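Commentary on secondary and tertiary structure
Now for the letters of each chain:
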Amino acid sequence: MESNGNMNHGVDNTASTITIKGILSLLTQSVNEKDEKRLISLGMGDPTAHSCFHTTHVAPEAVVDALQSDKFNGYAPTVGLPQTRRAIAEYLSRDLPYKLTSDDVFVTSGCTQAIDVAMAMLACPGANILLPRPGFPIYELCAAFRQIEVRHFDLLPQKGWEVDLDGIESLADQNTVALVIINPGNPCGNVYSYQHLEKIAETANKIKTLVIADEVYGHLTFGGNPFVPMGIFGSIVPVLTLGSLSKRWIVPGWRLGWFVTTDPCGMFRKPKVIERMKKYFDILGGPATFIQAAVPSVLQQTDESFFKKTLNTLKQASEICCDRIKEIPCISCPHKPEGSMAVMLKLNLSLLDDISDDIDFCFKLAKEESVIILPGTAVGLKNWIRITFAVDPYSLEEGLGRIKSFYHRHAMQ
Ligand SMILES: *Cc1c(COP(=O)(O)O)cnc(C)c1O
């Protein structure tokens, strides 16, 4: 045993895990403060920075009502308020061929905590987990803290970022505890078809593992494929559905999420499993009680017009992004985004004179143009970049215009 005070026990991997926030903050530090151009960030997924992305009036009204009622100043049950759990079960059941109950729902501090809960529940000596590449680095970080071995399967850009199903079968073994999918996708902006999700379910069933479905962008689709929740295939394979209000309702700071057992066969309904889950929630605390109390109204009363408006804004922004990218020879878009708020773009470094890789590209861009974008390395794909298009159209145009000038200055002669 190492001496006391060593806070790095067995978590050596965590220190080297790149986080999106970490790399964006380094990029922001390298912006030239004397630059007259304003800073434009196409790196971070917080649309609340832009006035065109605004939550519905229903949401703050529900919170004000909950707070003013004076009934929600106490602790909530650690798994969540009963009415909140019920409302989330009803909301998710609208799109499923079976009904969820309140017992299937656990209220978390955003989808981030739901990810942590999933990892904590599945961790055991020797466990491994299958994660998508490119992916969302919180999964790698959580797995490292839990000492779960990560095995990456590829998402295939030429197939609309579908999962490489053959790859999955060769990665899995008897210690594989879960297969993670993110749909609609971050960082790729793809949306899986019913048929592809069904194949994922069948593959997971074949390798005898469960599916963690990160649906934090659920319903945020604006292309050909509609959103299909993985829970539809819950009778083929047990599914843990993770989500939150953060993205669809544009309130990421409210920290209201859910961890849901979408599992009509009741694999998770064993008394010991439920007991362990409840105990774990006793450590967590969960979101503020008055935010939880607002959830039933938020989920039941938001009008369709709010969702339509958000989707229109996202669709237009994604189109601006794709059109402007066409004018920048060193960047290409293998698959137009059809959902979520981000897109993966490929760099062609052979067209650039003095740029060594995606990280170099992003740091020089930050320094010279005061534009922040995320290097693909941060999400597992070297020499790609991720652009978040949940940005006001003016900033998006200007940011991409600056990337174009950057290209011309660095183009191979
Ligand atoms: C934003 C995001 C999360 C985290 O959601 P919060 O509700 O803000 O915690 C989880 N997964 C993916 C893929 C995300 O993009």
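Criteria and cut-off values
- Residues numbered from 1 in each chain as written.
- Predicted model: local features only at pLDDT ≥ 70, side-chain atom pairs only at ≥ 80, totals over all residues.
- Buried ≥ 20, exposed ≤ 12 C-beta atoms within 10 Å, placed from the backbone.
- Helix = DSSP H or I, 4+ residues; strand = E, 2+ residues; numbered from the N terminus.
- Arc of directions from axis to C-beta.
- Contact = placed C-beta atoms within 7 Å.
- Near = placed C-beta within 6 Å.
- Nonpolar A, V, L, I, M, F, W, Y, C, P; charged D, E, K, R; others polar.
- Axes fitted to C-alpha atoms, helices over the stretch in contact; angles between N-to-C directions.
- Parallel < 35°, antiparallel > 145°, perpendicular 65-115°, else oblique.
- Left-handed = near helix turned anticlockwise from the far one by under 90°.

Looking at an unreviewed UniProt entry, one finds the protein chain named Tyrosine aminotransferase, with Melia azedarach as its source organism.

**Quick look at helix α2 (residues 20-29)**
For α2, the set of buried residues is Ile23, Leu24 and Leu27. Down the axis of α2, the smallest arc covering the buried residues is 100°, so these residues share one side. Of the residues in α2, the exposed ones pointing more than 90 degrees away from the buried face are Gly22 and Gln29. On its buried side, α2 packs onto α12 (358-369), β12 (371-372) and β13 (374-375).

**Observations concerning the site of the ligand**
Close to the ligand lie 13 residues, the nearest being Gly110, Cys111, Thr112, Ser244 and Ser246. The dominant element in the shell around the ligand, judged by the number of residues it contributes, is helix α5 (residues 110-122), at three residues. By residue class, the composition of the shell around the ligand is five nonpolar, seven polar and one charged.

**Overview of the packing of α5 against helix α9 (residues 271-284)**
Interaxial distance between α5 and α9 falls to 11 Å at its minimum, and their mutual angle equals 135°. Compared by their axis directions, α5 and α9 come out oblique. When you trace α5 past α9, the crossing you get is right-handed. Here α5 contributes Gln113, Val117, Ala120 and Met121 to the contact with α9, which in turn contributes Met277, Tyr280 and Leu284. Residues belonging to the contact of α5 with α9 are distributed by class as follows: six nonpolar, one polar and no charged.

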